[in-house]
Amino acid sequence: MNPNEASANQTYNITTNGVTNLVGKFVLVAIVINTKGASSNTLTIYDSDSTTENKKGKLDTTVSIGRIEYGIPMYKGIYLVTATGTAPDVTVIYSPTP
């Protein structure tokens, strides 16, 4: 399947601060900030299986809502850390790879 087709993508919603670990090989398609966080909240993105960290980016979730496109391969898994202040409502869009 084409990872750009809606039917090929999977989603995961995050609404609390902490660690989210999606294990496997994926393409990180996009991250959507549905509701902004507050008080310096951030979302850090790693290509990780929780034993090794390969930081891919860090978002300030307090700035604005909207979709941020990535389209990057994540070889060990998608490991996300939301921290500080009020948590945002975030949707992670990803596609499994063979």
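Residues numbered from 1 in each chain as written. Predicted model: local features only at pLDDT ≥ 70, side-chain atom pairs only at ≥ 80, totals over all residues. Heavy atoms only, no water.

Novice: If you had to explain the sheet that holds strand E2 (residues 18-23) to someone new, which residues and values would you point to?
Specialist: The four strands are arranged E2-E7-E4-E5 in an open sheet whose pairing can be described as antiparallel. With one partner strand each, in any of the chains shown, E2 and strand E5 (55-60) form the two edges of the open sheet. Direction aside, neighbouring strands of the sheet carry axes that sit 15° apart on average. Direction of pairing for strand E4 (residues 42-47) relative to E5: antiparallel, over a ladder of five bridges. Its bridge partner being in E5, Thr42 is matched across the sheet by Asp60. (Pairing = 2+ DSSP bridges. Helix = DSSP H or I, 4+ residues; strand = E, 2+ residues; numbered from the N terminus. Axes fitted to C-alpha atoms, helices over the stretch in contact; angles between N-to-C directions.)

Novice: So what's going on with the nonpolar core? Which residues, and what values?
Specialist: Grouped together as the largest cluster of nonpolar side chains are 14 residues, with contacts concentrated most on Leu28, Ile31, Ile45, Ile78, Leu80 and Val92. What Ile78 contacts, discounting residues up to four positions off in sequence, is Thr20, Asn21, Leu22, Phe26, Leu28, Tyr46, Ser48 and Tyr94. Counting five residues, the second-largest nonpolar core is a separate cluster that includes Val27, Val29, Val32 and Ile93. (Core = buried A, V, L, I, M, F, W, Y, C linked by side-chain atoms within 4.5 Å. Buried < 20%, exposed > 50% of the residue type's maximum accessible area, 1.4 Å probe, protein only. Contact = heavy atoms within 4.5 Å.)

Novice: Mind laying out the pattern of salt bridges, listing which residues take part and the relevant values?
Specialist: All told, the structure shown has one salt bridge when counted by the stated rule. Of the charged contacts in the structure, one is a salt bridge between Arg67 and Glu69, with a shortest N-O distance of 2.3 Å. For Glu69, a relative accessible area of 52% puts it in the exposed group. (Salt bridge = Lys/Arg side-chain N within 4 Å of Asp/Glu carboxyl O.)

Novice: Quick one: what's the story with unusual backbone geometry, residue by residue and with numbers?
Specialist: For Ser39, which is not a glycine, the phi torsion comes out positive at approximately 55°. A positive phi angle is found at Thr84, which is not glycine, with a value near 75°. For Thr84, the position within the fold is in the loop between strand E7 (77-83) and strand E8 (89-96).

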